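Here are the chains, one letter per residue:
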Amino acid sequence: MNVMFRSKWWSFGFRSAIMLYFIVLIVLPIIGIYSQSVSRGFVPFWESISDPLAWKAVLLTIKLALIATVINVLIGTMSGWVLIRYRFPGRRILNSLVDLPFALPTAVTGLMILLLLGPGSLVGELAEKLGFTIVFHQPAIVIAMVFVTFPFVIRAVQPLLEEIDKSEEEAAYTMGATKFRTFFTVIYPSMLPGVISGAMLAFSRALAEFGAVVLVAGNIPGKTLIAAVYIFGEIESDNAQGAAAVSVMLLTLSFIILWTVNLIQARRPGK
Amino acid sequence: MLLLALLLLITAGCGKEQSSQPAESTAQNGDVTLVIGAYSVVKDAFSELLPQFQTYWKEQTGQKVVFQESYEASGTQARAIAGGFEADVAILAMEGDLDKISDAGFITHDWKSQPNQGLITKSIVVLGTRAGNPKGIKDWDDLTRKGVKVLYPNPKTSGGAQWDINAIYGAGLKKSEEETGTKDPAFAKKYLESIHHNVESLDKSGRASMAAFEYGVGDVIVTYENELLARIMNGVKYDIVIPKNTILIENPASVVDKNVDKHGTRKVAEAFISYLQSEEAQRTFVKYGFRSVDGKVAEESKDKYTVPEGLFDISYLGGWKEVRQTLYSKKGIWYQVLAGI
């Protein structure tokens, strides 16, 4: 009896501590942004987000983040696969390199892209000859986003791949399925949740990327200005309310995406 | 792999200048600490000027001055001081930023009534091109040509960049005045639009813009003369093109009353500001590419600096208040140019 009582209190205290932590660290700042965005009433809020420069920036961000996510899904799934399924020299080093984009300050990423792909570099000159520029145009933004969000899909896919029951796969082969069919009917469905959640994290992160993009994008409104840089501009010109309004657009979008993913995954049978 | 790692190390080392919050002071008894809040462009010149002032002050009073220095983009610095960063003196890129501090109640005297209207340096807005000027840039008109890639910073994120945009807008006004006899704002806006059309990158600060130019982006950069002269002094080869019509840049400095009274440093702070206007300091500024506010030093250095024929100052555009209203207000001309309306 006494033990149960104590453990109940223990669990209550533990839960409250976590709730408090969560509220102070995440919920409060987000409420702050929402209330800041309507601090001068709904009319200025509407004016801020209906500003063509603002929504063009948001649309461009979504478009480029989508492209970056698709690239990451393709490359990330393949990399995860290769790193789990194949044994080759240097695999462990490669596997630990995957997380490096998280450790690198994003401004350094931007600088690196400038140096490696900018005018005067080998790749930059080649692109110039083919008739397009990478740096200060949209390709550079996508590259920056891909680099920064690279680990998400790989890290989400890897544990699922490791969990796959080898016998299911072998059974498929014994029953005469081709390699192709085995992959798409047996292996891929088990990887899918990882691919989706990794992609969503990558997408949300790409939406918010600032440090690398501000260096490699031309930041011209309507052409190469993404939302995060637009928000920075509004803060710098003392328009905190406008900055918050556009942030709210991004936040709401991210929230809807993350929530949908949760729903989808919750409905998945057996998970 | 090793090469890449090395490259990263190098690039990390030469990243953007960090915002140096004041280093810890080593003040002892009898020493006096002066907190300097400045805009980033003067950093190089100050590395020479501050020790000079230390010697000067030691000779005058026997006191040792310890500096705490902070260099930021002008607008950021102004906001920091207005928000409570306890700088004793503020050295900023433009009047409007000092006004922010006045409006917050930290500067209580009329800084414009100081000698030289409170200004410590001048410069002009010029065009920088690649060595040898391969695109044959001679004046603003050439920036509207097809295939010329232009760089200037975004005046929304960098207050100092407003000088660059003012120069273009003002040159448009001048041009319309030459042709029709009256200043035509519509023409000036079109002029700005046609140059903006060729802009390759709208960087967040003058320094970022210069860095992009250095990486090989663009054919022309619109920037301050002193920035270009400083780069050329460091051995980078650029050509400076002085347009016929351009704006005179004026950089103010002031004692921040509330902070000096709190720290008890009014005397040394005031001495520092007037020292910056002394001949000795002005010569140092000239060395770093600024134009002097001191008549005598300006006369000495007139071989180094051509005065463009159509030089105008901010009053030609109606003064800062008017400029902030017409150009940079929420739906002002700059916004219209960006949004294409």
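- For chain B, the name recorded in an unreviewed UniProt entry is Sulfate transporter subunit, with Paenibacillus glycanilyticus as its organism.
- Under the heading Sequence similarities (unreviewed entry), UniProt records this for chain B: "Belongs to the prokaryotic sulfate-binding protein family."
- UniProt lists a comment for chain B under the heading Subcellular location (unreviewed entry), and it reads "Periplasm".

- Chain A has the name Molybdenum transport system permease in an unreviewed UniProt entry, where Paenibacillus glycanilyticus is given as its organism.
- The Sequence similarities (unreviewed entry) comment attached to chain A in UniProt states, word for word, "Belongs to the binding-protein-dependent transport system permease family. CysTW subfamily."
- The Subunit (unreviewed entry) field of the UniProt record for chain A holds the comment "The complex is composed of two ATP-binding proteins (CysA), two transmembrane proteins (CysT and CysW) and a solute-binding protein (CysP)."

1. So, the overall build of chain B
Phase 1 of the analysis: Along its length, chain B carries 14 helices and ten strands.
Phase 2 of the analysis: For chain B, whose C-alpha radius of gyration is 21 Å, the value lies close to the compact-globule estimate of 20 Å for 341 residues.
Phase 3 of the analysis: By its C-alpha atoms, chain B is 65 × 60 × 40 Å across when sized along the principal axes.
Phase 4 of the analysis: Among the 341 residues that make up chain B, the fraction classed as buried is 54%.
Phase 5 of the analysis: Partitioning the intrachain contacts of chain B with sequence separation of at least 6 by distance along the chain shows that 75% fall at a separation of at least 24.
Phase 6 of the analysis: Surface exposure of chain B reaches about 14600 Å², of which carbon and sulfur atoms provide 53%.
Phase 7 of the analysis: The centroid of the 39 positive side-chain charges in chain B is displaced by 5 Å from the centroid of its 44 negative side-chain charges.

2. Observations regarding the UniProt feature "domain: ABC transmembrane type-1" (unreviewed entry) in chain A
Phase 1 of the analysis: Annotation from UniProt places "domain: ABC transmembrane type-1" (unreviewed entry) at residues 58-261 of chain A.
Phase 2 of the analysis: The span residues 58-261 of chain A is 79% helix and 0% strand, and its two end C-alpha atoms sit 21 Å from each other.

3. Side note on the domain arrangement of chain B
Residues and elements named next belong to chain B.
Phase 1 of the analysis: Each domain of chain B was delimited in the assignment, giving domain 1 (23-121 + 250-300) and domain 2 (123-249 + 306-339).
Phase 2 of the analysis: Placing the centre of domain 1 and that of domain 2 at their C-alpha centroids yields a distance of 27 Å.
Phase 3 of the analysis: Opposite the 15 residues of domain 1 that make contact, domain 2 presents 22 residues.
Phase 4 of the analysis: Carbon and sulfur atoms make up 53% of the surface buried where domain 1 meets domain 2, a total of about 1600 Å² over both sides.
Phase 5 of the analysis: When the area that domain 1 buries against domain 2 is broken down by residue, the three leading residues are M94, E250 and R291, summing to 43%.
Phase 6 of the analysis: At the junction of domain 1 and domain 2, the tally comes to one salt bridge.
Phase 7 of the analysis: A salt bridge links E225 to R291; the shortest N-O distance between them is 2.7 Å.
Phase 8 of the analysis: At the junction of domain 1 with domain 2, the criterion picks out three residue pairs in polar contact (both at pLDDT 80 or more).

4. Remarks on the interface of chain A and chain B
Phase 1 of the analysis: The partner chain B presents 28 residues to the 30 residues of chain A that form the contact.
Phase 2 of the analysis: Across the chain A to chain B interface the summed buried area is about 2600 Å²; carbon plus sulfur atoms make up 61%.
Phase 3 of the analysis: The largest per-residue losses of area from chain A upon contact with chain B belong to A:L111, A:F136 and A:E236, which jointly make up 20% of the total buried on that side.
Phase 4 of the analysis: Where chain A touches chain B, the interface holds four salt bridges.
Phase 5 of the analysis: B:K149 is the salt-bridge partner of A:E128, the closest N and O atoms lying 3.9 Å from each other.
Phase 6 of the analysis: Across the chain A-chain B interface, the total number found is five residue pairs in polar contact (both at pLDDT 80 or more).
Phase 7 of the analysis: If you list the elements that add at least two residues to the side of chain A that touches chain B, you get α3 (52-85), α6 (106-117) and α12 (227-236) of chain A.
Phase 8 of the analysis: For the side of chain A that touches chain B, the element with the most residues is α6(A), which contributes six residues.
Phase 9 of the analysis: Considered class by class, the residues forming the side of chain A that touches chain B number 17 nonpolar, six polar and seven charged.

5. Description of the packing of aromatic side chains
Ring pairs (aromatic) are described by centroid distance and by the angle formed between their planes.
Phase 1 of the analysis: Under the counting rule described, the total for this entry stands at 26 aromatic pairs over all chains.
Phase 2 of the analysis: Taking 5.2 Å as the distance between ring centres and 50 degrees as the angle between the ring planes, the aromatic pair formed by A:F210 and A:F232 counts as tilted. A residue pair is termed long-range when its members are at least 10 positions apart, and A:F210 in the loop between α10 (179-208) and α11 (211-216) and A:F232 in helix α12 qualify at 22 residues.
Phase 3 of the analysis: When its relative accessible area of 26% is taken as the criterion, A:F210 is described as partly exposed.
Phase 4 of the analysis: Using a relative accessible area of 22% as the deciding quantity, one classes A:F232 as partly exposed.
Phase 5 of the analysis: Ring plane angle 45 degrees and centroid distance 6.4 Å describe the contact between B:F46 and B:F285, whose orientation is recorded as tilted. Of this pair, B:F46 sits in helix α2 (residues 43-61) while B:F285 is found in helix α11 (residues 279-287), placing the two residues 239 residues apart along the sequence. This pair shows no difference in class: B:F46 is buried, exactly as B:F285 is.
Phase 6 of the analysis: Of the aromatic side chains, those joined through ring pairs into one cluster are B:F46, B:F53, B:Y56, B:W57, B:F67, B:Y71, B:F272, B:Y275, B:F285 and B:F290.
Phase 7 of the analysis: Between B:K183 and the ring centre of B:Y316, over which it is positioned, the NZ or CZ distance is 4.2 Å.

Reading guide: rules and limits
- Residues numbered from 1 in each chain as written.
- Chains lettered and ligands numbered in written order.
- Predicted model: local features only at pLDDT ≥ 70, side-chain atom pairs only at ≥ 80, totals over all residues.
- Heavy atoms only, no water.
- UniProt positions renumbered as here; feature names shortened; annotations may be inferred.
- Helix = DSSP H or I, 4+ residues; strand = E, 2+ residues; numbered from the N terminus.
- Rg over C-alpha atoms; globule rule 2.2 N^0.38 Å.
- Buried < 20%, exposed > 50% of the residue type's maximum accessible area, 1.4 Å probe, protein only.
- Contact = heavy atoms within 4.5 Å.
- Areas by Shrake-Rupley, 256 points an atom, 1.4 Å probe, with all protein chains shown as cover.
- Lys, Arg positive; Asp, Glu negative; His and termini not counted.
- Charge placed at Lys NZ, Arg CZ, Asp CG, Glu CD.
- Domains from an automatic or database assignment.
- Buried area = accessible area lost by both parts, 1.4 Å probe.
- Salt bridge = Lys/Arg side-chain N within 4 Å of Asp/Glu carboxyl O.
- Polar contact = N/O pair within 3.5 Å; in protein donor to acceptor, adjacent residues only side chain to side chain.
- Nonpolar A, V, L, I, M, F, W, Y, C, P; charged D, E, K, R; others polar.
- Phe/Tyr/Trp six-rings, centres within 6.5 Å; stacked < 30°, edge-to-face > 60°.
- Lys NZ or Arg CZ within 6 Å of the ring centre and 35° of its normal.

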